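Each chain, written out:
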Amino acid sequence: MCGACGNPAAPGHWAEAGAQRGGSRLRALFHRMSVLQRALKPYGFSVHADGLIPQIQLIGPGGVRVMVNNMTELWAEVERIQGFPADPLAPRAPLD
């Protein structure tokens, strides 16, 4: 358990396999955040993760902030906040 925030350590994201040495885990995290920023922008959302805590901060329209543990929770929260399904693989984003 983390002494600073009280959260248990996250087991890691599957995309981090093999990236446990040096700063490669953080590089992988920041790359995922960059990809998520681009995918969430058309929905009016952004994300933040600094690598210090295991969660991802989802920032929605109007400043709504929610902490999520994984991508499944992230997309569920996007849909809950906006009130309709989000399809990050759709050929055209809804707010374009």
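Residues numbered from 1 in each chain as written. Predicted model: local features only at pLDDT ≥ 70, side-chain atom pairs only at ≥ 80, totals over all residues. Heavy atoms only, no water.

Novice: Mind laying out the pairing of strand β2 (residues 56-59), listing which residues take part and the relevant values?
Specialist: Burial of the side chains of β2 extends over both faces: Ile56 and Leu58 are buried on one face and Gln57 and Ile59 on the other. Where strand β1 (residues 46-48) meets β2, three bridges bridge the pair, whose relative direction is antiparallel. By the bridge assignment for β2, Ser46 is matched with Ile59. Bridge analysis of β2 against strand β3 (residues 65-68) gives four bridges, and the strand direction is antiparallel. When the sheet's bridge partners are listed, Gln57 is paired in β3 with Met67. Where β2 folds back onto β3 in an antiparallel hairpin, the turn is made up of five residues, including Gly62, whose phi is positive at roughly 80 degrees. (Buried < 20%, exposed > 50% of the residue type's maximum accessible area, 1.4 Å probe, protein only. Helix = DSSP H or I, 4+ residues; strand = E, 2+ residues; numbered from the N terminus. Pairing = 2+ DSSP bridges.)

Novice: Before we move on, could you go through the environment of Val78 and cite the residues and values that matter?
Specialist: Looking at where Val78 falls in the secondary structure, it is placed in helix α2 (residues 71-82). When its relative accessible area of 0% is taken as the criterion, Val78 is described as buried. Sequence separation between Val78 and Gly44 is 34 residues, and the spatial gap between their C-alpha atoms is 9.6 Å.

Novice: Please set out the environment of Val64 residue by residue, giving values where relevant.
Specialist: Position of Val64 among the secondary structure elements: in the loop between β2 and β3. In the structure, Val64 is positioned 17 residues away from Ile81 in sequence and 8.5 Å away in space, judged by C-alpha atoms. Those residues in contact with Val64 that lie beyond four places of it in its chain are Leu58, Ile59 and Ile81. (Contact = heavy atoms within 4.5 Å.)

Novice: Could you give an account of the packing of helix α1 (residues 24-40) against α2, naming the residues involved and the relevant values?
Specialist: Between α1 and α2, the shortest axis-to-axis distance is 13 Å and the interhelical angle comes to 20 degrees. In terms of orientation, α1 lies roughly parallel with respect to α2. In terms of crossing hand, the pair formed by α1 and α2 is right-handed. Note on element contacts: α2 touches α1 through Met71, Leu74, Trp75 and Val78, opposite Leu36, Ala39 and Leu40. (Axes fitted to C-alpha atoms, helices over the stretch in contact; angles between N-to-C directions. Parallel < 35°, antiparallel > 145°, perpendicular 65-115°, else oblique. Left-handed = near helix turned anticlockwise from the far one by under 90°.)

Novice: For a nonpolar patch on the surface, give the residues involved together with the corresponding values.
Specialist: A grouping of Leu52, Ile53 and Met67 is seen on the molecular surface, where their side chains present a nonpolar patch of about 290 Å² in accessible area. In this fold, Met67 is placed in strand β3. (Patch = residues over 30% accessible without salt bridge, like charges linked within 9 Å, V, L, I, M, F, W, Y side chains within 5 Å. Areas by Shrake-Rupley, 256 points an atom, 1.4 Å probe, with all protein chains shown as cover. Salt bridge = Lys/Arg side-chain N within 4 Å of Asp/Glu carboxyl O.)

Novice: Outline α2, listing residues and values.
Specialist: In this model α2 runs 17 Å from its N-terminal to its C-terminal C-alpha over twelve residues, within 8% of the 16 Å that 1.5 Å per residue would give. Residues Leu74, Trp75, Glu77, Val78 and Gln82 constitute the buried set of α2. When α2 is viewed along its axis, its buried side chains cluster within an angular range of 155 degrees and face the same direction. For α2, exposure combined with an orientation more than 90 degrees from the buried face picks out Thr72 and Arg80. Each element contacted by the buried residues of α2 is listed here: α1, β1, β2 and β3. The N-cap residue of α2 is Asn70: its side-chain oxygen and the backbone nitrogen of Thr72 are 3.2 Å apart. (Expected span 1.5 Å × (residues − 1). Arc of directions from axis to C-beta. Polar contact = N/O pair within 3.5 Å; in protein donor to acceptor, adjacent residues only side chain to side chain.)

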